[in-house]
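Below, each chain spelled out in residue letters.
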Amino acid sequence: MEHTLAINHRDDAASRIGMWLFIFTELFLFAGLFLVFAVYRVKYYEGFHLASKELNVTIGTINSIILLLSGMTMGIAYLTIQKGKTKLTLALLTITIVLGIVFLVNKYFEWSIKFEHGLYPGSPELISLSRGDVMFFGLYFFMTGLHALHLIAGLILIAIVIGGIMRGRVHASKYALLENCSLYWHLVDLVWLFLFPLFYLIN
Amino acid sequence: MEPTKKKIEGYGLYIITFTVLSFLTLLAVWLTHVRLASPIMIGFIMLIAACQAVIVLFYNMHLKFHDRILTIFVGLIFSLIILLIIVTMLDFVYR
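Residues numbered from 1 in each chain as written. Chains lettered and ligands numbered in written order. Predicted model: local features only at pLDDT ≥ 70, side-chain atom pairs only at ≥ 80, totals over all residues.

**Considerations on the domain arrangement of chain B**
Interfaces are often described in size by the accessible area the parts lose on coming together. Heads up, the condition is: As used throughout, domain bounds are those supplied by an automatic or database domain assignment.
One can read the domain layout of chain B as domain 1 (10–61) and domain 2 (66–95). Between domain 1 of chain B and domain 2 of chain B, the C-alpha centre-to-centre distance is 20 Å.

**Section: helix H1 (residues 12–43) of chain A**
Given 3.6 residues per turn, any residue in an α-helix points the same way as the ones three and four places further on. Residues and elements named next belong to chain A. To be explicit about the condition: Numbered from the N terminus, helices here are DSSP runs of H or I no shorter than four residues, and strands are runs of E no shorter than two. Expected span, for any helix, means 1.5 Å times one less than how many residues it has. Each residue is classed by its C-beta neighbour count within 10 Å, where at least 20 other C-beta atoms makes it buried, 12 or fewer makes it exposed, and intermediate counts make it partly exposed; the C-beta atoms are placed from backbone geometry. Contact definition: two residues whose C-beta atoms, as placed from backbone geometry, lie within 7 Å.
With 32 residues, H1 extends 47 Å from end C-alpha to end C-alpha; this agrees with the ideal 46 Å at 1.5 Å per step. By the burial criterion, the buried members of H1 are Arg16, Ile23, Phe37 and Arg41. Taken together, the buried residues of H1 touch helix H2 (45–52), helix H6 (131–166) and helix H7 (176–201).

**Some remarks on the nonpolar core**
Most often, soluble globular proteins have nonpolar side chains that are buried together. Under the convention used in this document: In these notes, a nonpolar core means any group of buried Ala, Val, Leu, Ile, Met, Phe, Trp, Tyr and Cys residues linked to one another through C-beta atoms within 7 Å.
If you look at the biggest cluster of nonpolar residues, it comprises 63 residues, and the most contacted ones within it are Ala77, Val161, Leu178 and Leu195 of chain A. Of all the secondary structure elements, the ones that give two or more residues to this core are H1, H2, helix H3 (57–82), helix H4 (86–116), H6 and H7 of chain A together with helix H1 (12–31) and helix H2 (38–60) of chain B. Looking at this core element by element, the count peaks at 17 residues for H7 of chain A. Aside from chain neighbours lying at most four places away, what touches leucine 178 of chain A is Ala77, Tyr78, Ile81, Val161 and Val170 of chain A.

**Comments concerning the interface of chain A and chain B**
Stated formally: Throughout, the ten residues Ala, Val, Leu, Ile, Met, Phe, Trp, Tyr, Cys and Pro are labelled nonpolar, Asp, Glu, Lys and Arg are labelled charged, and all others, Gly among them, are labelled polar.
Counting from both sides, the interface comprises 33 residues of chain A and, opposite them, 31 residues of chain B. Going through the elements one at a time, H1, H3 and H7 of chain A are the ones with two or more residues in the side of chain A that touches chain B. Broken down by element, the side of chain A that touches chain B gets its largest block of residues, 11 residues, from H3 of chain A. Looking at the side of chain A that touches chain B residue by residue, the classes come out as 25 nonpolar, six polar and two charged.

**Brief notes about the packing of H4 of chain A against H6 of chain A**
Residue and element names in this part refer to chain A. For the record, the criterion: Think of each axis as a best-fit line through the C-alpha atoms, taken over the contacting stretch in the case of a helix, with angles from 0 to 180 degrees between the N-to-C directions. The scheme is simple: roughly parallel for angles under 35 degrees, roughly antiparallel for over 145, roughly perpendicular for 65 to 115, oblique for anything else. Each helix crossing is assigned a hand: it is left-handed if the near helix lies turned anticlockwise from the far helix by less than a right angle, otherwise right-handed if that turn is clockwise.
Contact pair H4 / H6: the axes reach a minimum separation of 10 Å and the direction vectors enclose 160°. Relative to H6, H4 is oriented roughly antiparallel. In this structure, H4 meets H6 at a crossing whose hand is left-handed. Where H4 approaches H6, its residues Thr86, Thr89, Leu90, Leu93, Thr96, Ile97, Gly100, Phe103, Leu104 and Lys107 are matched on the opposing element by Thr144, Ala148, Leu151, Gly154, Leu155, Ile158, Ala159, Val161, Ile162 and Ile165.

**Points about the environment of phenylalanine 23 of chain B**
By the element assignment, phenylalanine 23 of chain B lies in helix H1. Once the C-alpha coordinates of phenylalanine 23 of chain B and isoleucine 85 of chain B are considered, the two residues, 62 residues apart in sequence, prove to be 28 Å apart.

If you want it as structure tokens, here you go:
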């Protein structure tokens, strides 16, 4: 007589470790970029000093607070799912998405102002400035752009988690997806915590 | 789900970390208005960023509540990154 054995193996600890390994690769990616920034800052000290004054510290600060707030809502969502409060978890994840979008809208306006002033890579105005300015704005657009891409990926991941909760695939006893999503979102937070002072404050 | 080393119970932890992180962000912004020598100001601001990173790693990313081996791994990775930056900068400055 043949028996069919349905194996539903799950290893949440391994899943967490896997996510951390991915986070390590992301940390090295941004560390490399921070290193490039540091080297060029030393090389073109004057240009970086003047170019960083073109950035709006107020918008940067507001965006930092927004991102930290989204980290808080994400963290609380991680707790509420464990307590079986599905509706509250969904509400908190939705708030996190809204905060992420607000961050991107602020970034859009900030970038738009720079584009209006012709301060974007390859523009005639920027090329006419010093090499330090060119390097600063090149790195600014690349690094904040890469961070924004990571944030968009995070938003998609949260939307997938919301879908999982609504379909009953993520719940109080199976929340590894939400935990990993939370880790990724905090990585986005972590990277911004260094991007903000490097570009906006050190001048 | 694998049991964590310590169970996180209240939402207060996240509210406190958000408050502390926001305060540190505002402190870093305020420091830019204080008349300090450039290297000292950069040192303070990067120290604040490092403190914020530790808070995010330990509390928001739950390193404090998971196995110590994970904390050791993260510590090693950050040590390697710091070493990479120091060695490259030394090479660049004194070449």
